[in-house]
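The lines below spell out each chain.
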Amino acid sequence: MKCTGSTAGAIQSTADSLRSGAQSSGEAIANVANRTAEKLESTANYVRDHDFRGMMKDLEEVVKRNPTPSLCAAIGLGFLMGAALRGRD
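Residues numbered from 1 in each chain as written. Predicted model: local features only at pLDDT ≥ 70, side-chain atom pairs only at ≥ 80, totals over all residues. Heavy atoms only, no water.

## Let's talk about the environment of Leu40
Item 1. With respect to the helices and strands, Leu40 occurs in helix α2 (residues 27-49).
Item 2. We classify Leu40 as partly exposed; its relative accessible area is 23%.
Item 3. Distance in space between the C-alpha atoms of Leu40 and Ser24 is 20 Å, their sequence separation being 16 residues.
Item 4. With residues near it in sequence (within four places) discarded, Leu40 still touches Ile11, Thr14, Ala15 and Leu18. (Helix = DSSP H or I, 4+ residues; strand = E, 2+ residues; numbered from the N terminus. Buried < 20%, exposed > 50% of the residue type's maximum accessible area, 1.4 Å probe, protein only. Contact = heavy atoms within 4.5 Å.)

## Quick word on the confidence of the model for the chain
Item 1. When pLDDT is averaged along the chain, the result is 86; 93% of the residues meet or exceed 70.
Item 2. Ranking the elements of the chain by mean pLDDT puts helix α1 (residues 3-22) last with 81 and helix α3 (residues 52-65) first with 94. (pLDDT = per-residue confidence, 0-100.)

## Quick look at the environment of Thr36
Item 1. Within the secondary structure, Thr36 is located in helix α2.
Item 2. Taking the C-alpha atoms as reference points, Thr36 and Ala83, 47 residues apart in sequence, are found 25 Å from one another.

## What to know about the nonpolar core
Item 1. Among the nonpolar cores identified, the biggest contains five residues, and these are Ala8, Ile11, Ala44, Val47 and Met55.
Item 2. Elements that contribute at least two residues to this core include exactly α1 and α2.
Item 3. Those residues in contact with Ile11 that sit more than four places away from it in its chain are Leu40, Thr43, Ala44 and Val47. (Core = buried A, V, L, I, M, F, W, Y, C linked by side-chain atoms within 4.5 Å.)

## Describing a nonpolar patch on the surface
Item 1. Together, Phe52, Met56, Leu59 and Val63 make up a nonpolar patch on the protein surface, roughly 390 Å² of accessible area in all.
Item 2. By the element assignment, Phe52 lies in helix α3. (Patch = residues over 30% accessible without salt bridge, like charges linked within 9 Å, V, L, I, M, F, W, Y side chains within 5 Å. Areas by Shrake-Rupley, 256 points an atom, 1.4 Å probe, with all protein chains shown as cover. Salt bridge = Lys/Arg side-chain N within 4 Å of Asp/Glu carboxyl O.)

## Thoughts on the side chain of Gln12
Item 1. Summarising the element assignment, Gln12 is placed in helix α1.
Item 2. A polar contact of 3.3 Å, which involves the side chain of Gln12, links it to the side chain of Glu41.
Item 3. With sequence-adjacent residues up to four places away left out, Gln12 is seen in contact with Glu41, Ala44 and Arg48. (Polar contact = N/O pair within 3.5 Å; in protein donor to acceptor, adjacent residues only side chain to side chain.)

## Some remarks on the pattern of salt bridges
Item 1. As enumerated under the stated definition, the model contains one salt bridge in all.
Item 2. Two residues, Glu60 and Lys64, come together in a salt bridge whose shortest N-O distance is 3.4 Å. Taken together, the residues Glu60 and Lys64, both in helix α3 and four residues apart, mark about one turn of the helix.
Item 3. The exposure class assigned to Glu60 is partly exposed, which follows from its relative accessible area of 44%.

What follows is the structure, given as structure tokens:
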């Protein structure tokens, strides 16, 4: 069983929920929600179309092309994960 299929389905479901909620919001919020939903759909399609090894290779290429932003993102992610784990205690 492919984990990527269920992950892509969950991302797609989130995009659909975001779109349906945006319909009852103001115009500015609806525009942001629709753009976010489009990005989520794009992510869902990427996850559906690539296996884990392919995703890791793509990530490696992004890090090689953009080392400083990648380092900043890794630090930020580490901080968020640390805060989440600290909050569980």
